[in-house]
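The lines below spell out each chain.
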Amino acid sequence: MNRTALPPCVLSIAGSDSGSAAGIQADLKTFAAYGVHGLTAITAVTAQNTRAITAIRVLPQPILRAQLDAVLADFRIAAVKIGMLGNAANTRLVARWLRQHRLPNIVVDPVLVASSGNRLLARGAVGVLRRELLPLARVLTPNAPEAETLLGRPIRTWSEMRAAAEDLRGLGARAVLIKGGHLGGRQVHDYFSADEGDLEFTHGRRNYSVRGTGCTLASAVAAGLALGWSLRVAVERAERYLQAAFRAAQRRGRGSARILQHDVPH
């Protein structure tokens, strides 16, 4: 990127994490590492740390819409990353707003349940997300359990994960990056499916838990697209960036979960 030019702007539509490991906070740290300007529309406020989520408050539609309209009125948005939406009403609002303004490079991370087990999207909103938001996605980035929920069937093997990626594209997403960390085994396999070609990413499994990996990966993809990289290059570099941040993750609180370090090469 030409450093004399203004950096592109990337909008994150997601929830706030008071422990600064995931959500909006992880997105902004990723955007900063990539050298893009981060914008935010907060969908929900959570009270959480490295040990637990103790409270969740989904924000009302008027304040969410006001945030979206405010950033659009003042910034040229080159990409959008969508994370936690909270409920059906906010999911529908975001989908309609995106369709109305035809924003480019939409990356959807279908945040359904936190690693702690807390639901981050109401059960009744899953169908709305599937019908209204997936067809807008340039890239969909579910983990295996999220893909299971979206498709309504189990995913237990590598071949089932590959088939799930194809079927999720059949629901409208132009490309799908499925994260296989929940499948078990000594190695983690992620699978990317797109018209540009398929890719497999294999990483060694680490013996510690880390918060914010899904948010960071999706944000890195969105940042790469905003910088003008091809979809394939954006995904490859996002995978490398996440693994570097994973290796450098550190314990910050009293819980066992580590927090990604974002000042790493991408």
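It should be noted that the structure appears before, not after, this text.
## Points about the pairing of strand β9 (residues 199–204)
Alternating positions in β9 separate cleanly, Leu 199, Phe 201 and His 203 being buried on one face and Glu 200, Thr 202 and Gly 204 remaining unburied on the opposite face. Across six bridges, the pairing between strand β8 (residues 187–193) and β9 is antiparallel. Within β9, the residue paired with Gln 187 across the bridge is Gly 204. With antiparallel pairing between neighbouring strands as the criterion, β8 and β9 make up a hairpin whose turn holds five residues, including Gly 197 at a positive phi of roughly 125°.

## With respect to the pattern of salt bridges
This model, assessed by the stated rule, comprises 10 salt bridges. Residue Arg 211 pairs with Asp 17 through a salt bridge whose shortest N-O separation is 4.0 Å. In this pair, Arg 211 sits in strand β10 (residues 210–211) while Asp 17 sits in strand β1 (residues 9–17), placing the two residues 194 residues apart along the sequence. Taken individually, Arg 211 and Asp 17 each receive the classification buried, so the pair is uniform in this respect. Notably, a salt bridge pairs Asp 69 with Arg 65, separated by 3.0 Å at the nearest N-O pair.

## A word on unusual backbone geometry
The phi angle at Arg 102 is positive, at roughly 50°, despite the residue not being glycine. By secondary structure assignment, the location of Arg 102 is in the loop between α3 (88–101) and β5 (106–108). Classification of Arg 102 as exposed rests on a relative accessible area of 74%. Despite not being glycine, Asn 105 shows a phi value in the positive range, around 50°. What makes Asn 105 buried here is its relative accessible area of 14%.

## Section: the pairing of strand β4 (residues 77–82)
Across the six residues that make up β4, a large majority, six, are buried. Pairing between β1 and β4: five bridges, direction parallel. Following the sheet pairing, Ile 13 is matched in β4 by Ile 82. Pairing of β4 with β5 involves three bridges; the strand directions are parallel. Paired with Ile 82 across the strands is Val 108, a residue of β5. Remark: the β4/α3/β5 crossover connection has right-handed handedness.

## So, the packing of helix α5 (residues 144–151) against helix α6 (residues 158–170)
Where α5 meets α6, the closest approach of the two axes is 11 Å, and the angle between their N-to-C directions is 50°. Put simply, α5 runs oblique to α6. Crossing of α5 over α6 shows left-handed handedness. The residues of α6 that touch α5, namely those facing Ala 147, Leu 150 and Leu 151, are Ala 164, Asp 167 and Leu 168. Of the residues that constitute the contact of α5 with α6, the class distribution is five nonpolar, no polar and one charged.

## What to know about the nonpolar core
The nonpolar side chains of a soluble globular protein tend to be buried with one another. Ranked by size, the top nonpolar core spans 41 residues in total, and within it Leu 11, Ile 13, Val 80, Ile 82, Leu 98 and Leu 133 carry the most contacts. No other element matches the five residues that α3 contributes to this core. With residues near it in sequence (within four places) discarded, Ile 82 still touches Ile 13, Val 94, Leu 98, Ile 106, Val 107, Val 108, Asp 109 and Leu 133. With 37 residues, the next largest nonpolar core counts Val 10, Tyr 34, Leu 242 and Val 264 among its residues.

## So, the side chain of Glu 146
Structurally, Glu 146 can be placed in helix α5. No salt bridge is formed by the buried Glu 146; its nearest oppositely charged neighbour, Lys 179, is found at 4.6 Å. Excluding its chain neighbours within four sequence positions, the residues that come into contact with Glu 146 are Asp 109, Pro 110, Val 111, Leu 112 and Thr 141.

## Section: the packing of aromatic side chains
Taken as a whole, this structure holds three aromatic pairs when the rule is applied. Taking the centre distance of 5.3 Å and the plane angle of 75° together, the rings of Tyr 34 and Tyr 241 count as edge-to-face. Of this pair, Tyr 34 sits in helix α1 (residues 23–34) while Tyr 241 is found in helix α8 (residues 231–247), placing the two residues 207 residues apart along the sequence. Looking at Tyr 34, the relative accessible area reads 2%, which means it is buried. Aromatic pair Trp 158 and Tyr 191: ring centres 5.4 Å apart, planes at 90°, arrangement edge-to-face. Here Trp 158 is found in helix α6, whereas its partner Tyr 191 is found in strand β8, with 33 residues between them in sequence. Put simply, the rings of Tyr 34, Trp 229 and Tyr 241 pair up and form one aromatic cluster. A cation sits over an aromatic face here: Arg 237 above Trp 229, 4.3 Å from the ring centre.

What counts, and at which threshold
- Residues numbered from 1 in each chain as written.
- Predicted model: local features only at pLDDT ≥ 70, side-chain atom pairs only at ≥ 80, totals over all residues.
- Heavy atoms only, no water.
- Buried < 20%, exposed > 50% of the residue type's maximum accessible area, 1.4 Å probe, protein only.
- Helix = DSSP H or I, 4+ residues; strand = E, 2+ residues; numbered from the N terminus.
- Pairing = 2+ DSSP bridges.
- Salt bridge = Lys/Arg side-chain N within 4 Å of Asp/Glu carboxyl O.
- Right-handed = clockwise from strand over helix to strand, strands pointing away.
- Axes fitted to C-alpha atoms, helices over the stretch in contact; angles between N-to-C directions.
- Parallel < 35°, antiparallel > 145°, perpendicular 65-115°, else oblique.
- Left-handed = near helix turned anticlockwise from the far one by under 90°.
- Contact = heavy atoms within 4.5 Å.
- Nonpolar A, V, L, I, M, F, W, Y, C, P; charged D, E, K, R; others polar.
- Core = buried A, V, L, I, M, F, W, Y, C linked by side-chain atoms within 4.5 Å.
- Lys, Arg positive; Asp, Glu negative; His and termini not counted.
- Phe/Tyr/Trp six-rings, centres within 6.5 Å; stacked < 30°, edge-to-face > 60°.
- Lys NZ or Arg CZ within 6 Å of the ring centre and 35° of its normal.

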